[in-house]
Amino acid sequence: MSSLSLKDKIDLAKLPKHIAVIMDGNGRWAKKQGKLRVFGHKNGVLAVREITEAAAELGVKYLTLYAFSKENWNRPKYEVDALMSLLVSTIGKEVTTLQKNNIRLKAIGDIASLPLKNQRELEKAITLTKNNSRMTLVLALSYGSRWEILQAAKSMAHKYKEGLISDDDFVESRFEAELNTTGFPEPELMIRTSGEKRISNFLLWQLAYAELYFTEKLWPDMRKEDLFEAILDYQRRERRFGKTSEQLQNN
Ligand code: FPP
């Protein structure tokens, strides 16, 4: 089946506004070819480009990619260093493409824990692209959802103590304003590659009602058609948000 026909089947009126992706399987992809894990990460960049382009072409408004988790710091030093420099060089190289395609870059996670060089490169790209409006590409870097939720709770506690907020402010919408993702819509679709069926501390609050899609494909093998397939699968599902099927049909 050609990519065109898959893409044509997508109902643009029912496109998810926000897609979140756990890019998994780079290490296994490399190992299968007798190469070092870092080779997999390098080839993962092509998939990042493909999926970003495909999402923008369709009209998806937000794409969040889990590029580095808080737990990833525990990997061997050479892999962490290689990933960090790959991130810096990729962001540096891709910023003109982001500009050309009117894509805004954002980051979530413990950005202050990244090497300074990364922070600067990231900040530069974020500032340069801040007025772009076609799609927002969110990189989750040194991100962990429990960390994010705790940060939000601490911030609320601090503001409460200072008298800046009251009991009435302890509602979902006010709490969300303290999360890293404030201002972004909730992801309707979460994709994880490489056959693992876990959330791995990714957007735990934000994924509460998301449809989860798992594919056996390893991240470096992901191409535009694979995103189209995931979206088609999402569009075949019925999202009930706790209601019954009948209630939805009557609406
Ligand atoms: C998971 O595969 C992948 C990562 C931890 C890193 C993802 C990073 C990239 C694709 C590099 C570029 C990204 C951007 C946004 C510029 P794994 O190493 O856990 O694979 P495994 O499960 O097979 O070991």
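Cut-offs applied
Residues numbered from 1 in each chain as written. Predicted model: local features only at pLDDT ≥ 70, side-chain atom pairs only at ≥ 80, totals over all residues. Heavy atoms only, no water. Helix = DSSP H or I, 4+ residues; strand = E, 2+ residues; numbered from the N terminus. Rg over C-alpha atoms; globule rule 2.2 N^0.38 Å. Buried < 20%, exposed > 50% of the residue type's maximum accessible area, 1.4 Å probe, protein only. Contact = heavy atoms within 4.5 Å. Areas by Shrake-Rupley, 256 points an atom, 1.4 Å probe, with all protein chains shown as cover. Lys, Arg positive; Asp, Glu negative; His and termini not counted. Charge placed at Lys NZ, Arg CZ, Asp CG, Glu CD. 1 Å grid on protein atoms, 1.4 Å probe; cavity = no way out; pocket = protein on both sides within 12 Å on 5 of 7 lines; lining within 4 Å. Points joined across faces, edges and corners; volume = space filled by probe spheres on them. Nonpolar A, V, L, I, M, F, W, Y, C, P; charged D, E, K, R; others polar. Pairing = 2+ DSSP bridges. Axes fitted to C-alpha atoms, helices over the stretch in contact; angles between N-to-C directions. Expected span 1.5 Å × (residues − 1). Arc of directions from axis to C-beta. Polar contact = N/O pair within 3.5 Å; in protein donor to acceptor, adjacent residues only side chain to side chain.

Peer 1: Looking at this model, I keep getting lost on the overall build of the protein. Mind explaining?
Peer 2: Across its full length, the protein holds 9 helices and 6 strands. Taking 18 Å as the expected radius of gyration for a compact globule of 251 residues, we find that the protein reaches 19 Å, a close match to that expectation. When its C-alpha atoms are laid out on the principal axes, the protein stretches across 55 × 50 × 35 Å. Across the 251 residues that make up the protein, the buried fraction comes to 46%. Taking the contacts inside the protein whose residues are at least 6 apart along the sequence as the reference set, 75% of them involve residues at least 24 apart. Carbon and sulfur atoms form 52% of the exposed surface of the protein, whose accessible area is close to 13300 Å². For the protein, the centre of its 40 positive side-chain charges and the centre of its 33 negative side-chain charges are spaced 6 Å apart.

Peer 1: Got a minute to help me understand the layout of surface pockets in this structure?
Peer 2: In this structure, the largest pocket occupies an estimated 900 Å³ of space. Considering the residues around the largest pocket, the lining is formed by 42 residues, among which Met 23, Asn 26, Val 48, Tyr 66 and Ala 67 are closest to the centre. Of all elements in the fold, only α2 (26-32), α3 (37-58), β2 (62-69), α4 (77-100), β3 (103-108) and β4 (135-143) reach the threshold of two or more residues within the lining of the largest pocket. Ranked by residue count, the leading element in the lining of the largest pocket is α4, at 9 residues. Of the residues contributing to the lining of the largest pocket, the split by class is 19 nonpolar, 12 polar and 11 charged.

Peer 1: Please explain the sheet that holds strand β1 (residues 18-22) as it appears in this structure.
Peer 2: Pairing between the strands of a sheet is mediated by backbone hydrogen bonds and can be parallel or antiparallel. Strand order in the open sheet formed by 6 strands is β3-β4-β2-β1-β5-β6, and the pairing between neighbours is parallel. Two strands lie at the open edges of the sheet, namely β3 and β6 (211-214), each paired on one side alone. On average, each strand axis in the sheet is tilted by 20° relative to the strand beside it, whichever way the strands run. Where β3 and β4 come together, 6 bridges link them in parallel fashion. The partner of Ala 107 across the bridge, within β4, is Leu 139. The strands touched by α4 within the sheet are β2, β3 and β4, with β2 carrying the most contacts at an inclination of about 155°. Where helix α5 (residues 116-128) meets the sheet, it contacts β3 and β4, and its direction lies at approximately 140° from that of β3.

Peer 1: I'm lost on α5 in this one. Help?
Peer 2: A turn of α-helix holds 3.6 residues, and therefore any two residues three or four places apart point the same way. Spanning 13 residues, α5 covers 18 Å between terminal C-alpha atoms, matching the ideal 18 Å at 1.5 Å per step. When we look at burial in α5, the residues that qualify are Asn 118, Glu 121, Leu 122, Ala 125 and Ile 126. For α5, the angular spread of the buried residues around the axis is 130°, confining them to a single face. Away from its buried face by more than 90 degrees, α5 exposes Leu 116, Lys 117, Arg 120, Lys 124 and Leu 128. The inward-facing, buried residues of α5 abut α4, β3 and β4.

Peer 1: Before we go on, may I ask you to explain the side chain of Glu 211 in this structure?
Peer 2: Following the sequence through the fold, Glu 211 ends up in strand β6. Of the residues examined, Glu 211 reaches a relative accessible area of 15% and is grouped as buried. In this structure the side chain of Glu 211 is engaged in a polar contact, spanning 3.0 Å, whose partner is the side chain of Arg 237. Residues contacting Glu 211, with those up to four places away along its chain left out, are Glu 188, Leu 189, Met 190, Tyr 234, Arg 237, Glu 238 and Arg 239.

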